[in-house]
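Topology and contacts: notes
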Amino acid sequence: MKPIKFYIAGVKFHQYKSVLSDVSEGNDLQLIPEPTNKFDPNAVQIHFDNGDKAAFIGFVPKKFSSEISGLLEIGKELECILIKFNPSATTWEMFEVSIGELEDE
């Protein structure tokens, strides 16, 4: 799988403000499928958790949710990395991530 890059969707509706001072480029973020989402059965949540603070930041955009959800469902290990963080940007351009398959070491 070629890495997919995008801005996290729905940020303004979630808890990003509580972790703004803790987030930095290079952070690993968690992907959590949400099959009961009434708007998208392939929805995948994106969470930040550094052990001290945690927050639901937003979603994989619908354009990519089916592919990401499907890969998670079949057991693929994916990594979600924050590649660009701009706290002064609009919420829809604040968090850019890259999702790819976890490389075997």
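Structure: above.
Before going into details, it helps to say that this report is about the structure given with it. (Residues numbered from 1 in each chain as written. Predicted model: local features only at pLDDT ≥ 70, side-chain atom pairs only at ≥ 80, totals over all residues. Heavy atoms only, no water.)

1. Looking at the overall build of the protein
In terms of regular secondary structure, the protein is built from 1 helix and 6 strands. Counting from the amino terminus, the protein carries its helices and strands in the arrangement β-β-β-β-α-β-β. By the compact-globule yardstick of 13 Å for 105 residues, the protein fits well, its C-alpha radius of gyration being 13 Å. For the protein, the proportion of its 105 residues judged to be buried stands at 43%. Contacts in the protein between residues at least 24 apart in sequence constitute 58% of all its contacts with a sequence separation of at least 6. Of the accessible surface of the protein, which amounts to about 6400 Å², a share of 49% is contributed by carbon and sulfur atoms. For the protein, the distance from the average site of its 10 positive side-chain charges to the average site of its 17 negative ones is 11 Å. (Helix = DSSP H or I, 4+ residues; strand = E, 2+ residues; numbered from the N terminus. Rg over C-alpha atoms; globule rule 2.2 N^0.38 Å. Buried < 20%, exposed > 50% of the residue type's maximum accessible area, 1.4 Å probe, protein only. Contact = heavy atoms within 4.5 Å. Areas by Shrake-Rupley, 256 points an atom, 1.4 Å probe, with all protein chains shown as cover. Lys, Arg positive; Asp, Glu negative; His and termini not counted. Charge placed at Lys NZ, Arg CZ, Asp CG, Glu CD.)

2. Quick notes on the side chain of Q45
Mapping Q45 onto the fold places it in strand β3 (residues 44-49). Engagement of the side chain of Q45 in a polar contact is seen with the side chain of H47, the distance being 2.5 Å. Apart from the residues within four sequence positions on either side, Q45 is in contact with Q30, L31, I32, E34, F56, G58 and F59. (Polar contact = N/O pair within 3.5 Å; in protein donor to acceptor, adjacent residues only side chain to side chain.)

3. Let's talk about the environment of L31
Relative to the assigned elements, L31 resides in strand β2 (residues 28-33). Owing to a relative accessible area of 16%, L31 belongs among the buried residues under this scheme. For the pair L31 and F48, spaced 17 residues apart in sequence, the C-alpha separation works out to 9.4 Å. If we ignore the near neighbours within four places in the chain, the residues touching L31 are V44, Q45, I46, V60, I68, L72, L78, C80 and I99.

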